[in-house]
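Spelled out, the chains give:
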Amino acid sequence: MIALTIIATAAPAVSATGPAAPAPATIVVAADGSGNHTTVQEAVNAVPAGNTRPVTILVREGTYKQQVVIPADKPYISLVGDTDDPRKVVLTFDAAAKTPKPDGSGAYGTSGSASYVIGAPDFTARNLTFENSYDEVAGGNSQAVAVRTTGDRQVYENVRFIGNQDTLYANTASATAVARQYYRNCYVEGDVDFIFGRATALFHNCVIKSLDRGSADGNNGYVTAASTEITNPYGFMIYRSHLVGDAPAKTVHLGRPWPAGGSATARGQVLIRESWLGQQFKDAPWTDMSGLNWREARLSEYLNRGPGAAVNNDRPQLTREQAEDFDPEDYLRGQDGWDPFRSFPSHSDQQLGRQALPKNDGWAAAGTGTTGGSAARPENIHTVSTRAQLLAAIGDPADNTPKIIYVKGAIDADTDDAGNPLTCASYAVNGYSLQAYLAAYDPAVWGRDKVPSGPLEDARKASYDKMAKHVTITLGSNVTLVGLGRDAALKSFGIRITNADNVIVRNLTITDTSDCFPQWDPTDGEEGAWNASFDNVEVSGSTHVWLDHNTLDDGDNPDSNQPLHFGRPYQVHDGLLDVVRGSNYVTLSWNHLSNHDKVTLIGNTDNATRYAEADKLKVTLHHNYFEGLGQRTPRVRFGQVHVYNNYYTGSDIHQYSIGVGFGSQVYAQANAFDGIPAEKVLGVFKGTVIAARDNLVDGKPVDLVAAYNAANDPDLGSDAGWTPTLVTKVHPAQAVRGLVTAGAGAGRLR
């Protein structure tokens, strides 16, 4: 920041006979001349000084390039874009601090570079983009402000602030003045100090993006530069927002304290609270500025998550007690009780894609919960009906920008970019064919003491890799993938949620994720086995994941219809829904899983150190319909897994339902099992304990641990060592059959 330059505009004319007439309730701005004015400044000038009633300046679609001032003596103005998409109404200018003024009086300066200066109190902006379009590539780095605010009680909803350095100057009229500003569902992007100033500002459910400066020294900028006066307890709060970026990992600061104008009494106050932080942030994210040590300012965090979140000596955290004095409404209340935070309308939050996991709804509600893409901006909400559209909507999984992806109708992964169908032969490479593979690895030829190797096995692997690349989709962080209506389906896709955080998948039929190239392993068991490698859904190394009201099955291609090869079933399916590799905080609710053998694996190794799983794999399964399945519903290693209010039915292939694996701590509560012998509800795989409470077998109360122990040795213990607390409601087991069969699966969201 540099010295301030003030832009002034002429006051509106006053007639010789008295004050100007009041402005109309709505003033329309349209560049094509179809409104009352063609520029925003003309519309502002039409509002009389000392205005006392609400006036809406409605701006029609278009780009308006002009510097605009909305002065302090024109309160009660609402500047509103005539569309719900703020990208379609762009208010811009391209001055930088170092840009010479047209009149030759010098450079614009930081404040003078602002595209918009908004000094009016009781001001509202909605459905707009404020931009400073100065080209840093062509002109070099410089401060270039999109908006400078100084008014009190200002609200910005569904507004975008676009720039690079010093994008949003949230300020006050003087060092002793207080200016409260509420930014809701906003988007702010920039690189250096791109949210800065003295204002008291609450950023709620916003997306704040750090741009990559391409810095060679590993410093890609600063999100905030608050200059809050020491007498003001409240500066900037970023609340339940997403701080994302395309800058490299660990190259961005959360902020630095700015002693504006050399102020000896500025001690910037910033709180990043209950927000998602991307990988771009440094482990020590606060730093000094202009001789002011950041530790002398008031910079802190509370209950953040994401790859850029951490707790260490360089990241002050509020205690729970301290956080009570820094609630969002505290920032805005002031002496007059202003409360836009509580009273603001939230109609859009009821849309399907914006629904977040309810409070206390299983392990995925831990901490700040699971919100998926609920904060998505309009430009990041997609409706897809083809594979190509789906891939484009997902984009780069490393892009953590919140997204909502609606699936309309059925999409088949086994299609090319033009929508033409593909078969197994379409993926085969290097001379692979099943007939040749069977001939090469027939036990009579190859033997049974070693796994296949050689050219045909290499061809199988290459063919599998080609297929996997085509049918696998990988979801990144802050994504909601949701089906529209009852017929939304993903056929043959393998959905991967890998090394991500905050993901929601709902209301989808996910079917027939089949492997054209399963491997024969003659050493697997006494008779050998065919092993497929695709799961319908795999949650791997991920946290805060909610899978709800999905239908998962093998469609019209069950393994029971496959032939026998080498006397063993030719299996082309693996798991339906696995949670592995240290995943944590997962809720699986109201899903319908049917007609499959190996269903859900939670934890994929008995090695506690490989993925540090001993304190992970915290998963809740509730109100799921496990129909006609073989095993693993679920099989658990290590995790504290709460299995409650699920409904199970037996099948010809049933082996066991709940697998008690190594180190597991399962709490099975109020489930209903029909057609499954009580002693076969549980299976034990090096596990030692399971808590089983209030379960029914064929409509009768059964102690599942006692039933297992009566038929098996050694005995299981019945104390899992913990009691679930993240529970919305546990229904009596007698009600489970009716509730689950009526409500579980895709198309049954209520």
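Since the structure is predicted, the reported quantities are computational estimates derived from the model, not experimental observations.

> In this structure, what is going on with the overall build of the protein? I would like to understand it.
Tallying secondary structure elements over the protein gives 13 helices and 53 strands in all. Computed over the C-alpha atoms, the radius of gyration of the protein is 30 Å, within 12% of the 27 Å expected from 2.2 N^0.38 for a compact globule of 750 residues. Here the C-alpha coordinates of the protein stretch approximately 105 × 55 × 50 Å along the principal axes. Burial status across the protein gives 58% buried among its 750 residues. Put simply, of all contacts in the protein between residues at least 6 apart along the chain, 73% involve residues at least 24 apart. On the protein, the mean spot of the 63 positive side-chain charges and the mean spot of the 82 negative ones are 3 Å from each other.

> Can you walk me through the sheet that holds strand β17 (residues 222-226) in this structure?
Whether parallel or antiparallel, the strands of a sheet pair through hydrogen bonds between backbone atoms. Pairing is parallel in the open sheet, where 7 strands are placed in the order β4-β7-β9-β11-β14-β17-β20. A single partner strand is all that each edge strand has here, and the edge strands are β4 (68-70) and β20 (253-255). Taking the axes of each pair of neighbouring strands and ignoring which way they run, one obtains an average angle of 15 degrees across the sheet. Both β17 and β20 contribute to a ladder of 2 bridges, which runs parallel.

> Can you walk me through the side chain of Ser142 in this structure?
You can see Ser142 is positioned in the loop between α3 (136-139) and β9 (147-149). Not counting the four nearest positions on each side in its chain, Ser142 is found in contact with Ala96, Ala97, Lys98, Tyr134, Glu136 and Gln165.

> Is there a simple way to explain the layout of surface pockets in this structure?
By rolling a water-sized probe across the atoms, one finds the places where empty space is left. Approximately 1200 Å³ is the volume found for the largest pocket. In terms of lining, the largest pocket is formed by 37 residues, of which the most central are Tyr239, Arg240, Glu274, Thr368 and Thr371. Within the lining of the largest pocket, the residues separate by chemical class into 12 nonpolar, 16 polar and 9 charged.

> Is there a simple way to explain the pairing of strand β23 (residues 298-302) in this structure?
Within a regular strand, the side chains alternate between the two sheet faces. By the criterion of burial, β23 is predominantly enclosed, with 4 of the 5 residues buried. Pairing of strand β21 (residues 269-273) with β23 involves 5 bridges; the strand directions are parallel. In the sheet register, Val270 faces β23, and the bridge partner there is Leu299.

> Is there a simple way to think about the nonpolar core in this case?
Note on soluble globular proteins: their nonpolar side chains tend to be buried together. In terms of nonpolar packing, the biggest core is built from 82 residues, with Leu481 and Leu490 touching the most fellow members. With 6 residues, helix α11 (residues 455-471) is the largest single contributor of residues to this core. Those residues in contact with Leu481 that lie beyond four places of it in its chain are Leu390, Ile405, Val407, Leu475, Leu490, Ile495, Ile504, Val505, Arg506 and Leu508.

> I tried to follow the packing of helix α9 (residues 434-441) against α11 on my own but got confused; where do I start?
The relative placement of two packed helices comes down to the angle between their axes together with the axis-to-axis distance. For the pair α9 and α11, interaxial distance at closest approach is 10 Å and the crossing angle is 140 degrees. One element, α9, and the other, α11, form an angle in the oblique class. Considering only the axes of α9 and α11, their crossing is left-handed. Judged by residue contacts, Ala436, Tyr437, Ala440 and Tyr441 of α9 engage Leu456, Glu457 and Arg460 from α11.

> How should I be thinking about the packing of aromatic side chains in this particular structure?
Geometry of an aromatic ring pair is reported as the spacing of the ring centres plus the angle between the planes. For the coordinates displayed, the defined rule picks out 32 aromatic pairs. When the ring of Tyr183 is compared with that of Phe203, the centres are 4.5 Å apart and the planes differ by 10 degrees; the resulting orientation is stacked. Taken together, the residues Tyr183 in strand β12 (residues 180-184) and Phe203 in strand β15 (residues 200-204) connect sequence positions 20 residues apart. Relative to Phe517, the ring of Tyr432 has its centre 5.2 Å away and its plane inclined at 75 degrees; by these criteria the two rings are edge-to-face. Of this pair, Tyr432 sits in the loop between α8 (424-427) and α9 while Phe517 is found in the loop between β30 (509-511) and β31 (519-521), placing the two residues 85 residues apart along the sequence. Phe517 shares its class with Tyr432; the two are buried. Grouping aromatic residues by their ring pairs yields a cluster made of Tyr432, Tyr437, Tyr441, Trp446, Phe517, Trp520, Trp530, Phe566 and Tyr570. Over the ring of Trp363 we find Lys618, and its NZ or CZ is 5.8 Å from the ring centre.

> Just to check I follow, could you spell out the pattern of salt bridges for this structure?
Opposite charge on two side chains makes pairing possible when the charged atoms of those side chains draw close. Counted under the stated rule, the structure contains 29 salt bridges. Between Arg153 and Asp152 there is a salt bridge whose closest N-O contact spans 3.3 Å. For Arg153, a relative accessible area of 24% puts it in the partly exposed group.

> When you look at helix α13 (residues 733-743) in this model, what are you seeing that I'm missing?
The periodicity of an α-helix, 3.6 residues per turn, causes residues three or four positions apart to be oriented the same way. What α13 keeps buried is the set Ala733, Val736, Val740 and Gly743. Down the axis of α13, the sector holding all buried residues measures 80 degrees, keeping them to one side. Tucked into the core, α13 has its buried residues touching β43 (625-627), β46 (647-649), β49 (672-674) and β52 (695-697). Just downstream of α13 lies Gly745, where phi reads positive at about 105 degrees.

> Is there a simple way to think about the side chain of Lys618 in this case?
Positionally, Lys618 belongs in the loop between β41 (601-602) and β42 (619-622). Here Lys618 is in contact with Trp363, Ser583, Asn584, Tyr585, Val586 and Gln640, once residues within four sequence places are set aside.

> How should I be thinking about helix α12 (residues 704-711) in this particular structure?
Taken together, the buried positions of α12 are occupied by Leu704, Val705, Ala707, Tyr708 and Asn709. Its buried side turned inward, α12 meets β49, β50 (682-685), β51 (690-693), β52 and β53 (700-702). Here α12 starts with a cap whose side-chain oxygen sits 3.1 Å from the backbone nitrogen of Val705, and that cap is Asp703.

> Is there a simple way to think about unusual backbone geometry in this case?
The general pattern is negative phi for most residues beyond glycine and trans for most peptide bonds. With an omega of -5 degrees, the peptide bond between Thr633 and Pro634 qualifies as cis. Looking at the secondary structure, you find Pro634 in the loop between β43 and β44 (635-636). A cis amide bond, omega -5 degrees, links Asp713 with the succeeding residue Pro714. Looking at where Pro714 falls in the secondary structure, it is placed in the loop between α12 and α13. Its identity is not glycine, yet Asp698 carries a phi of approximately 50 degrees, on the positive side. Assignment of secondary structure puts Asp698 in the loop between β52 and β53.

> Can you walk me through the confidence of the model for the protein in this structure?
Close inspection of predicted coordinates is inappropriate for parts of the model with low pLDDT. The predicted model of the protein averages 94 in pLDDT, with 96% of residues at 70 or higher. This stretch, residues 1-18, has a pLDDT under 50; its non-local contacts, to residues over four places away or in other chains, come to 38 contacts.

> Honestly, the environment of Thr99 in this entry has me stumped. Any pointers?
Here Thr99 shows up in the loop between β6 (89-93) and α2 (109-112). Sequence separation between Thr99 and Ser542 is 443 residues; the distance between their C-alpha atoms is 47 Å. For Thr99, the side chain forms a polar contact with the main-chain nitrogen of Ala96, separated by 2.9 Å.

> Teacher, can you tell me more about the state of the cysteines here?
By definition, a disulfide is the covalent link that joins the sulfur atoms of two cysteine residues. Per the stated rule, a full pass over the model turns up 2 disulfides. With its sulfur 2.2 Å from that of its partner, Cys186 forms a disulfide with Cys206. Across the S-S bond linking Cys186 and Cys206, the dihedral sits near 120 degrees, which makes this disulfide right-handed. Note that Cys186 is positioned in the loop between β12 and β13 (187-190) and Cys206 in the loop between β15 and β16 (207-210), a separation of 20 residues in sequence. This pair shows no difference in class: Cys186 is buried, exactly as Cys206 is. Note that Cys424 is cross-linked by a disulfide to Cys516, the S-S spacing being 2.0 Å.

> How should I be thinking about the environment of His565 in this particular structure?
Structurally, His565 can be placed in strand β36 (residues 564-565). In this structure, the C-alpha to C-alpha distance between His565 and Trp530, residues 35 residues apart in sequence, is 8.6 Å. Those residues within four positions of His565 in sequence are excluded, and the remaining contacts are Leu434, Leu438, Trp530 and Tyr570.

The rules behind each value
Residues numbered from 1 in each chain as written. Predicted model: local features only at pLDDT ≥ 70, side-chain atom pairs only at ≥ 80, totals over all residues. Heavy atoms only, no water. Helix = DSSP H or I, 4+ residues; strand = E, 2+ residues; numbered from the N terminus. Rg over C-alpha atoms; globule rule 2.2 N^0.38 Å. Buried < 20%, exposed > 50% of the residue type's maximum accessible area, 1.4 Å probe, protein only. Contact = heavy atoms within 4.5 Å. Lys, Arg positive; Asp, Glu negative; His and termini not counted. Charge placed at Lys NZ, Arg CZ, Asp CG, Glu CD. Pairing = 2+ DSSP bridges. Axes fitted to C-alpha atoms, helices over the stretch in contact; angles between N-to-C directions. 1 Å grid on protein atoms, 1.4 Å probe; cavity = no way out; pocket = protein on both sides within 12 Å on 5 of 7 lines; lining within 4 Å. Points joined across faces, edges and corners; volume = space filled by probe spheres on them. Nonpolar A, V, L, I, M, F, W, Y, C, P; charged D, E, K, R; others polar. Core = buried A, V, L, I, M, F, W, Y, C linked by side-chain atoms within 4.5 Å. Parallel < 35°, antiparallel > 145°, perpendicular 65-115°, else oblique. Left-handed = near helix turned anticlockwise from the far one by under 90°. Phe/Tyr/Trp six-rings, centres within 6.5 Å; stacked < 30°, edge-to-face > 60°. Lys NZ or Arg CZ within 6 Å of the ring centre and 35° of its normal. Salt bridge = Lys/Arg side-chain N within 4 Å of Asp/Glu carboxyl O. Arc of directions from axis to C-beta. Polar contact = N/O pair within 3.5 Å; in protein donor to acceptor, adjacent residues only side chain to side chain. pLDDT = per-residue confidence, 0-100. Disulfide = S-S within 2.5 Å.

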